[in-house]
Amino acid sequence: MGFPGRKTLSFFLIFVPVCLHGVLSQEAGPIRQRKPFFERLRRLEEQFQRFQEVTLTHLQAIASNYNLSYNIDARFQSLAQESQSLVLAVNQSQTTVQGDLDHIKTWMRKTQRRSRKVDSRLLALGYALRERSQQHSRERKEREAQREALSGLALDVRALQDTLARLTQAVQSQSTRLAALNGWLQVACPGTTASAWAPAQPGMPSPSSLKLQGGRQVFRASPESMDPPQDFPGHLQGTREPPGSDGQWAWPPERLGEICNVGPALVFPNTSTKNVVFLSPGFLSGLRALSVCSWVRTTSGHLGTLLSYATEENDNKLVLHGRDSLVPGSIHFVIGDPAFRELPLQPLLDGQWHHVCVIWTSILGRYWLHVDRRLVATGSRFREGYEVPPGGSLVLGQEQDTMGGGFDGSEAFVGSIAGLAIWDRVLVPREVSHLATGKELPPGAILTLANAALIGGFVQKVNCTCLELCP
């Protein structure tokens, strides 16, 4: 950039001395008169030169300062651009960090929820183990009392045998005396025997017959000693298990060729977490009683999850599930986690069709388990006065850790389900028997397999006329 003021000032500083010198040279006069004037002019010229030098120095300083300020402005603009880019980078970093923090918070909430779930299950298992130990203690005391009673009975039998032996000896001595009297009478009165004079004696059992009778008494008492206690030993309070060999039930299987008209069947081929069936709509109102019945055939070593109902509040509001870590053939019946009962379903592990009904009511917390028309478990005080809330997610074949998701392959069901139905009331034994024999569907079912709104994964829905034809 140019400086017009600076050029004008230089021209003025050059032009003024020249003009002054011309003017002074034209004037005439004696030297004495002009000498003071020239002295002053010279001093003025010197002062003007100094002023010119000072002015030039000042202008040069101004020019250098102007260049410096221009450089400073450029640097400030560069710094402003760098600060803006830095702010953008910081904002992007904050956005990324915030997303990571939200992801970590979600993961922590999920982990905390699962840890609470595991803790509640551990507490429930500890409570069940304490109940089992107490039950075993009571059973041991009962067995000891039975052994003591049997020991006392054996002593009584032994005392009766000794008494019978003494009575036998007395009878034998009486028989000897009677024989002697008979011989004397024959000598005294020929044709007369002592039997005509002796009264009719009741038959006395021999010691061997008494031993046999005692053995029969002990044999009759043994089934009573083998009867299971009122509390089922598998964590169940107030349940009963039918006796059988090696802890297995001995009833004959149903003739499946006669079980027809059960509706469609769902086939779960493997443990994939994508194999799930959603029933819609779920529970439209709260349930204070329910009955869940279905034909079930499993093809794995454990039962897996038959049904799972979850809400935003609790992911285990109603669950029938089994894990590969549980006792084979056992299943947890959960109502409002962590409360649950462990149900015995060992017959379902034979790979055949079985009819299962799980029934519960909030009145006194009563529940019943029917397998193939037979009552195999019952109890009370399980979620007494509780109500299963509406508005949740109801699925088959998977156990929900979150509403509609969070599946685990170790809890998946592998097998087939047919004729599933849910009632909001307690079915009576006659209705359960009719269901198990394929006669009729009790009225009032709120959900069936016809409500299968979404079938995911490799699950197949097939129609078969009779159970023996279902895959």
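We now turn to the structure provided with this report. (Residues numbered from 1 in each chain as written. Predicted model: local features only at pLDDT ≥ 70, side-chain atom pairs only at ≥ 80, totals over all residues. Heavy atoms only, no water.)

### Thoughts on the sheet that holds strand β6 (residues 330–335)
And then number 1: Strands sit in the order β7-β6-β5-β4-β11-β2-β14 across an open sheet of seven strands; the sheet is antiparallel. The open sheet terminates on both sides in strands that have one partner only, identified here as β7 (340–344) and β14 (452–456). On average, adjacent strands in this sheet sit at an angle of 20° to one another, irrespective of strand direction.
And then number 2: Note: strand β5 (residues 318–321) against β6, four bridges, orientation antiparallel. Note that in β6 the partner of L320 across the bridge is F333. (Pairing = 2+ DSSP bridges. Helix = DSSP H or I, 4+ residues; strand = E, 2+ residues; numbered from the N terminus. Axes fitted to C-alpha atoms, helices over the stretch in contact; angles between N-to-C directions.)

### Thoughts on the environment of F413
And then number 1: Summarising the element assignment, F413 is placed in the loop between β11 (393–396) and β12 (415–423).
And then number 2: Between the C-alpha atoms of F413 and L307, which are 106 residues apart in sequence, the distance is 9.3 Å.
And then number 3: Excluding residues within four positions of it along the chain, F413 makes contact with F268, N270, V296, R297, T298, L303, G304, T305, L306 and G397. (Contact = heavy atoms within 4.5 Å.)

### Description of the pattern of salt bridges
And then number 1: For the structure shown, the criterion picks out 13 salt bridges.
And then number 2: Close ionic contact of E39 with R42 constitutes a salt bridge, the shortest N to O distance being 2.5 Å. Note that E39 and R42 are positioned in helix α2 (residues 31–188) at a spacing of three residues, about one turn of the helix.
And then number 3: Salt bridges here are not isolated pairs; linked through shared partners, they connect R114, K117, R121, E399, D401 and E411. (Salt bridge = Lys/Arg side-chain N within 4 Å of Asp/Glu carboxyl O.)

### Looking at the packing of aromatic side chains
For any pair of aromatic rings, the description rests on two quantities: the centre-to-centre distance and the angle between the ring planes.
And then number 1: Using the criterion set out here, one finds six aromatic pairs in the structure.
And then number 2: With centroids separated by 5.5 Å and ring planes inclined at 65°, the aromatic side chains of F333 and F382 adopt a geometry described as edge-to-face. Residue F333 is found in strand β6, and its partner F382 is found in the loop between β10 (374–379) and β11; the two are separated by 49 residues along the sequence.
And then number 3: An angle of 75° between the planes, with centres 5.7 Å apart, marks the rings of Y367 and F382 as edge-to-face. Taken together, the residues span a long stretch of sequence, with Y367 in strand β9 (residues 367–371) and F382 in the loop between β10 and β11 at a distance of 15 residues. Across the pair, F382 and Y367 agree in class, each one buried.
And then number 4: In this structure an aromatic cluster arises from ring pairing among F333, Y367 and F382.
And then number 5: Above the face of the Y386 ring, R383 is positioned so that its terminal group lies 4.6 Å from the ring centre. (Phe/Tyr/Trp six-rings, centres within 6.5 Å; stacked < 30°, edge-to-face > 60°. Buried < 20%, exposed > 50% of the residue type's maximum accessible area, 1.4 Å probe, protein only. Lys NZ or Arg CZ within 6 Å of the ring centre and 35° of its normal.)

### So, the state of the cysteines
And then number 1: Applying the stated criterion across every chain, the model contains three disulfides.
And then number 2: Each sulfur of the disulfide joining C260 and C466 lies 1.8 Å from the other. Its torsion about the S-S bond being 85°, the disulfide of C260 and C466 is classed as right-handed. Remark: C466 occurs in the segment after β15 (460–463) and C260 occurs in the loop between α3 (207–226) and β1 (264–268); sequence separation between them is 206 residues. Per residue, the accessibility class of C260 equals that of C466, and both read buried.
And then number 3: The side chain of C464 participates in a disulfide bridge whose partner is C470; the two sulfur atoms lie 1.7 Å from each other. Taking the torsion about the sulfur-sulfur bond, which here is approximately 70°, the covalent link between C464 and C470 counts as right-handed.
And then number 4: Look at the protein chain and number its bonded cysteines as they come in the sequence; the links are 1-5, 2-3, 4-6. (Disulfide = S-S within 2.5 Å.)

### What about helix α4 (residues 429–436)?
And then number 1: Looking at α4, one finds that the buried residues are E431, V432, H434, L435 and A436.
And then number 2: Each element contacted by the buried residues of α4 is listed here: β3 (289–298), β8 (354–361), β9 and β12.
And then number 3: Positive backbone phi, at 70°, marks G438, one or two positions downstream of α4.

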